[in-house]
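Chains, contacts and geometry: an overview
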Amino acid sequence: MDRAELIKELHEIAAGMAKAGYRQTPGEGDASMVEQYGFSSLDALEYLLILEEKFDVVFEDEELTEETLFSIEGLATYILDQKAGDSASLA
């Protein structure tokens, strides 16, 4: 999966969880999950659990920064890095 496809899928999953009245399509730049989808911290954590299962990654507590937790770009980077690490360990 390339970065653009991953970002699109991350937005689709988030849109499915969006609060009423919030934009449910990707916006300009990298608006936070709070701004774009109305996520609370608990919503963001639930979203991470969904992503862990879907993409077979683990979000380590010490790596849950604001950028990773609330940013689609940050999440995409984290997931792709995790996947790259998995591929390297299999080689």
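Before reading further, recall that the structure is shown in the block above.
Predicted, not measured: the structure shown is a model, and the values here were computed from it. (Residues numbered from 1 in each chain as written. Predicted model: local features only at pLDDT ≥ 70, side-chain atom pairs only at ≥ 80, totals over all residues. Heavy atoms only, no water.)

Things to note about helix α1 (residues 3-17)
The end-to-end C-alpha distance of α1 is 21 Å, a good match for the 21 Å that 15 residues give at a rise of 1.5 Å each. Restricting attention to buried positions, one finds in α1 the residues Leu6, Ile7, Glu9, Leu10, His11, Ile13, Ala14, Ala15 and Met17. With a side-chain oxygen positioned 3.3 Å from the backbone nitrogen of Ala4, the residue opening α1 is Asp2. (Helix = DSSP H or I, 4+ residues; strand = E, 2+ residues; numbered from the N terminus. Expected span 1.5 Å × (residues − 1). Buried < 20%, exposed > 50% of the residue type's maximum accessible area, 1.4 Å probe, protein only. Polar contact = N/O pair within 3.5 Å; in protein donor to acceptor, adjacent residues only side chain to side chain.)

A closer look at the environment of Lys83
Inspection of the secondary structure puts Lys83 in helix α5 (residues 72-90). Between the C-alpha atom of Lys83 and that of Phe55, which follows or precedes it by 28 residues, the distance is 8.6 Å. Look past the residues within four positions of Lys83 in its chain and what remains in contact with it is Phe55, Asp56 and Val57. A distance of 2.6 Å separates the side chain of Lys83 from the backbone oxygen of Phe55, its partner in a polar contact. (Contact = heavy atoms within 4.5 Å.)

Considering the packing of aromatic side chains
As enumerated under the stated definition, the model contains 3 aromatic pairs in all. Their ring planes at 45 degrees and their centres at 6.0 Å tell us that Tyr37 and Phe39 sit as a pair that is tilted. As far as the burial class goes, Tyr37 and Phe39 line up, both buried. Clustering of aromatic rings is evident, with ring pairs tying together Tyr37, Phe39 and Tyr47. Taking the ring centre of Phe55 as reference, the NZ or CZ of Lys54 above it sits at 6.0 Å. (Phe/Tyr/Trp six-rings, centres within 6.5 Å; stacked < 30°, edge-to-face > 60°. Lys NZ or Arg CZ within 6 Å of the ring centre and 35° of its normal.)

Considerations on the environment of Glu46
Among the secondary structure elements, Glu46 is positioned in helix α3 (residues 41-55). Residues Glu46 and Met17, 29 residues apart in the sequence, show an inter-C-alpha distance of 9.5 Å.

Digging into unusual backbone geometry
Positive phi is not limited to glycine here, since Asp56 has a value of about 55 degrees. Within the fold, Asp56 resides in the loop between α3 and α4 (66-70).

Function-wise, these values are silent; they only describe arrangement.
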